[in-house]
Amino acid sequence: QVQLVESGGGLVQAGGSLRLSCAASGSIASINAMGWYRQAKGNQRELVATISSGGSTNYAYSVKGRFPISRNNAKNTETVYLQMNSLNPEDTAVYSCNADSAYGLVFWGQGIQVTVSS
């Protein structure tokens, strides 16, 4: 099992920045790709960005160039970050961290609110 805990969300004005963090615990050695997804009110959940265990990244078109994703592999810890720059009200959503394990399991964090005011 893998547990994911997000932090760093909140309220920010348009044009501002936030940095989301997702700390993984448990069977972190089994984690392959990690990523961030978001769900705005009334919309389906959508991919924001992913990063593989080797560091390859993938971004949604709407955030490419604004939301770099990074990952820190340290002894007994695994953390993925999402640096969100040039935020606009359309980025308002609940952001959730995701981890894919080598055993075909997918784990999710509880989600964290990001609100961008105009």
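Residues numbered from 1 in each chain as written. Predicted model: local features only at pLDDT ≥ 70, side-chain atom pairs only at ≥ 80, totals over all residues. Heavy atoms only, no water.

*Asks:* Is there a simple way to think about the packing of aromatic side chains in this case?
*Replies:* Centre distance and the angle of the planes are the two values used to describe a pair of aromatic rings. As enumerated under the stated definition, the model contains one aromatic pair in all. Ring geometry for Tyr 37 against Trp 108: centres 5.1 Å apart, planes inclined by 70°, an arrangement best described as edge-to-face. Of this pair, Tyr 37 sits in strand 4 (residues 31-39) while Trp 108 sits in strand 10 (residues 106-108); the two residues are 71 residues apart in sequence, bridging distant segments of the chain. Assessed through its relative accessible area of 33%, Trp 108 is described here as partly exposed. The ring of Tyr 81 carries the charged tip of Arg 19 above its face, separated from the ring centre by 4.0 Å. Sitting over the ring of Trp 108, Arg 45 keeps its end group 3.7 Å from the ring centre. (Phe/Tyr/Trp six-rings, centres within 6.5 Å; stacked < 30°, edge-to-face > 60°. Helix = DSSP H or I, 4+ residues; strand = E, 2+ residues; numbered from the N terminus. Buried < 20%, exposed > 50% of the residue type's maximum accessible area, 1.4 Å probe, protein only. Lys NZ or Arg CZ within 6 Å of the ring centre and 35° of its normal.)

*Asks:* I'm lost on the sheet that holds strand 8 (residues 77-84) in this one. Help?
*Replies:* By definition, the strands of a sheet pair up through backbone hydrogen bonds, in either a parallel or an antiparallel sense. In space, the four strands of this open sheet follow the order 1-3-8-7, with antiparallel pairing throughout. Taken across any chain shown, the strands that pair with only one partner, and hence form the sheet edges, are strand 1 (2-7) and strand 7 (69-74). Across the sheet, the mean angle separating the axes of adjacent strands is 20° when strand polarity is ignored. Note: strand 1 against strand 3 (residues 18-26), six bridges, orientation antiparallel. Opposite Val 2, over in strand 3, you have Gly 26 as the bridge partner. (Pairing = 2+ DSSP bridges. Axes fitted to C-alpha atoms, helices over the stretch in contact; angles between N-to-C directions.)

*Asks:* What am I meant to see in the side chain of Asp 91 here?
*Replies:* Residue placement: Asp 91 occurs in the loop between strand 8 and strand 9 (93-101). When near neighbours in sequence (up to four residues on either side) are disregarded, Asp 91 contacts Arg 38, Arg 66, Phe 67, Ser 86, Val 114 and Val 116. (Contact = heavy atoms within 4.5 Å.)

*Asks:* Honestly, the environment of Gly 104 in this entry has me stumped. Any pointers?
*Replies:* Looking at the secondary structure, you find Gly 104 in the loop between strand 9 and strand 10. We classify Gly 104 as exposed; its relative accessible area is 62%. As a C-alpha pair, Gly 104 and Asn 32 span 72 residues in sequence and 9.7 Å in three-dimensional space.

*Asks:* I tried to follow the pairing of strand 4 on my own but got confused; where do I start?
*Replies:* Within a regular beta strand, the side chains point alternately toward one face of the sheet and then the other, so they alternate between its two faces. With seven bridges joining them, strand 4 and strand 9 adopt antiparallel strand pairing. By the bridge assignment, Gly 35 is partnered in strand 9 with Asn 98. Bridging between strand 4 and strand 5 (residues 46-51) involves five bridges; their strand directions are antiparallel. Across the sheet, Trp 36 pairs through a bridge with Ala 49, a residue of strand 5. The turn joining strand 4 and strand 5, which pair antiparallel and follow one another in sequence, is formed by six residues; a positive phi near 85° is taken by Gly 42.

*Asks:* Explain the state of the cysteines to me, please; I cannot follow it from the model alone.
*Replies:* Here a disulfide denotes one covalent bond, and it connects the sulfur atoms of two cysteines. All chains considered together, the criterion is met by one disulfide. Between Cys 22 and Cys 97 runs a disulfide, and the two sulfur atoms are separated by 2.0 Å. Since a negative S-S torsion denotes a left-handed disulfide, the Cys 22-Cys 97 link at about -85° is left-handed. Here Cys 22 is found in strand 3, whereas its partner Cys 97 is found in strand 9, with 75 residues between them in sequence. When its relative accessible area of 0% is taken as the criterion, Cys 22 is described as buried. (Disulfide = S-S within 2.5 Å.)

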